[in-house]
Amino acid sequence: MITFTEAQLMAWLSPVLWPFLRILAVFTAAPVFSSRAFPVRARIALAFLVAFAAQDGLPATSLVGLDDAGVWGVVVQQVGIGLALGFAVRLVFAAVDLAGEVIGFQMGLNFASFFDPSLNSQSSAVARFFSQMTSLLFVVMNGHLMVLMAVNKSFEAFPVDQNFLQALGKMKLYQLGTDLFASALWMALPMIGMLMFVNMALGVISRVAPQMNIFAVGFPITLVVGLMGIAYTLPMLDQPFLALMDRVIDIFG
């Protein structure tokens, strides 16, 4: 009769189990991967496939028995690091959404808002448009591969142990938040300057010709200039997006 000891079973399971938990947590929190259009069973199967394929390139993990006292600490660390990585990637999308909100506010299109089921909140049409463009960029520019590369590198920066709080302090995600808000304002700055110049010109016209209904004329002009500005600046969205993704990978690498 063939028998196996617990040490042998953990030696076989550890190279796959802990990466599987971390990758599955990333797929649960990261954009595109966590989409409702992506079935949960397919998400679990893909996480297991990625963990099984990447086990040879990962550093050796410590053997922790399933009946050990510290096994829950290891589980919390894997899930926490995975959720932190997914949250960091979601912050990149949030930066582009914030730029879209600012641009929509300057264009006067913030009233054109609707319910966003992914965020459970109201979002403007311009922010939703920028969100869709960011999702397309994420797929076209191999953002999903960058996320998987960040997961593999995270096992070198944050090896499997029970020190989740120490790993969280080393990530310093709050610094990433400040960078993302600054990046969002830089993305929207060309449109802000353009629309501010249009508003100044309309203000001068209203003073020169008071009989003109500036509210009836100003909105179409602002809308047309805003759409033209989006058409000209949208092809340059890939550069700040890649810079933010590289910043996320550096945190976990």
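Scope of this entry: the structure provided in the associated data block. (Residues numbered from 1 in each chain as written. Predicted model: local features only at pLDDT ≥ 70, side-chain atom pairs only at ≥ 80, totals over all residues. Heavy atoms only, no water.)

### Things to note about the overall build of the protein
Formally: Note on conventions: DSSP H or I runs of at least 4 residues are helices, E runs of at least 2 residues are strands, and numbering of each starts at the N terminus. Accessibility here uses a 1.4 Å probe with only protein chains present; expressed as a share of the type maximum, an area under 20% marks a residue as buried, one over 50% as exposed, and anything in between as partly exposed. We call two residues in contact whenever any of their non-hydrogen atoms come within 4.5 Å of each other. Computed by Shrake-Rupley with a 1.4 Å probe, the accessible areas treat only the displayed protein chains as cover when residues are assessed.
Within the protein, the secondary structure is distributed over nine helices and two strands. When the helices and strands of the protein are listed from N to C terminus, the series reads α-α-α-β-β-α-α-α-α-α-α. Within the protein, the fraction of its 253 residues that count as buried is 41%. Considering only residue pairs separated by 6 or more positions, the protein has 80% of its internal contacts joining residues 24 or more positions apart. Put simply, the protein shows about 13900 Å² of open surface, and 70% of that area lies on carbon and sulfur atoms.

### Comments concerning the nonpolar core
The test is simple: We define a nonpolar core as any set of buried Ala, Val, Leu, Ile, Met, Phe, Trp, Tyr and Cys residues linked to one another through side-chain atoms lying within 4.5 Å.
Grouped together as the largest cluster of nonpolar side chains are 66 residues, with contacts concentrated most on Met171 and Phe252. At 16 residues, helix α3 (residues 71–107) tops the list of elements feeding residues into this core. Non-local contacts of Met171, meaning those with residues more than four positions away in its chain, are made with Ile81, Ala84, Phe158, Ile251 and Phe252.

### Observations regarding the layout of surface pockets
The probe, sized like a water molecule, is rolled over the atoms to show the empty space still left. Where we set the bar: Both site types are read off a 1 Å grid over the protein atoms alone. A 1.4 Å probe that fits but cannot get out defines a cavity, while an open set with protein on both sides within 12 Å along at least five of seven lines defines a pocket; lining residues have an atom within 4 Å of a point. Grid points are joined across faces, edges and corners, and a volume is the space filled by probe spheres set on the points. Under the convention adopted here, Pro, Cys and the residues Ala, Val, Leu, Ile, Met, Phe, Trp and Tyr are nonpolar, Asp, Glu, Lys and Arg are charged, and Gly plus all remaining residues are polar.
Its boundaries defined by the atoms lining it, the second largest pocket holds a volume of some 180 Å³. Taken together, Ile103, Phe130, Trp186, Met187, Pro190, Met191, Thr233, Leu234, Met236, Leu237 and Pro240 make up the lining of the second largest pocket. The element best represented in the lining of the second largest pocket is helix α7 (residues 173–208), accounting for four residues. Looking at side-chain class alone, the lining of the second largest pocket contains ten nonpolar, one polar and no charged residues.

### Topic: the packing of aromatic side chains
Put simply, the test is: Note on ring pairs: Phe, Tyr and Trp rings are taken, using the six-membered ring of Trp, and paired if centres are within 6.5 Å. Classes follow the plane angle, with under 30 degrees stacked, over 60 edge-to-face and the rest tilted. A ring is scored as having a charge over it whenever the NZ atom of a lysine or the CZ atom of an arginine sits within 6 Å of its centre and within 35 degrees of its normal.
On inspection of all chains with the given rule, the structure shows seven aromatic pairs. A ring pair is formed by Phe48 and Phe52, whose centres lie 6.4 Å apart and whose planes are at 15 degrees; its orientation type is stacked. With a gap of four residues between them, Phe48 and Phe52 both fall in helix α2 (residues 40–54), about one helical turn apart. Look at Phe52 and you get partly exposed, because its relative accessible area is 48%. Among the aromatic residues, those joined into a cluster by ring pairs are Phe27, Phe33, Phe93, Phe138 and Phe241. Sitting above the plane of the Phe155 ring, Arg22 keeps its charged end 3.9 Å from the centroid.

### Re the packing of helix α4 (residues 125–140) against helix α9 (residues 238–252)
What counts, and what does not: Here, axes are lines fitted to C-alpha atoms. For helices the fit covers the stretch in contact, and angles between N-to-C directions go from 0 to 180 degrees. Convention used here: angles under 35 degrees read as roughly parallel, angles over 145 as roughly antiparallel, angles from 65 to 115 as roughly perpendicular, and any remaining angle as oblique. Take the far helix as your reference; a near helix turned counterclockwise from it by less than a right angle gives a left-handed crossing, and one turned clockwise gives a right-handed crossing.
Orientation of α4 relative to α9, taken along the N-to-C sense of each, is 65 degrees, at an axis distance of 11 Å. In terms of their interaxial angle, α4 and α9 are classed as roughly perpendicular. Note that α4 runs across α9; the crossing there is right-handed. Within the contact between the two elements, α4 uses Thr134, Leu137 and Phe138 and α9 uses Asp238, Phe241 and Met245.

### Observations concerning the side chain of Arg22
Formally: Any pair of N or O atoms that falls within 3.5 Å is considered a polar contact. Within protein, one atom must be able to donate a hydrogen and the other to accept it, and sequence-neighbouring residues count only if both atoms are side-chain atoms.
By the secondary structure assignment, Arg22 is in helix α1 (residues 6–29). Residue classification places Arg22 among the buried positions, given a relative accessible area of 1%. Here the side chain of Arg22 touches Ser154 through a polar contact of 3.1 Å, side chain to side chain. If we skip the residues at most four places from it in the chain, Arg22 touches Gln77, Gln78, Ile81, Gly82, Ser154, Phe155, Phe158 and Pro159.

### Here's the deal with the environment of Leu223
Here Leu223 is to be found in helix α8 (residues 214–233). Sequence-wise, Leu223 and Gln106 are 117 residues apart; in three dimensions their C-alpha atoms are separated by 9.4 Å. Sequence-distant contacts of Leu223, that is, excluding residues within four places in its chain, are made with Met107 and Leu109.

### Notes on the packing of α3 against α7
Where α3 meets α7, the axes come as close as 8 Å, and the angle between the chain directions of the two elements is 20 degrees. Judged by the angle between their axes, α3 and α7 are roughly parallel. Note that α3 runs across α7; the crossing there is right-handed. Residue composition of the contact of α3 with α7, grouped by class: 22 nonpolar, two polar and no charged.

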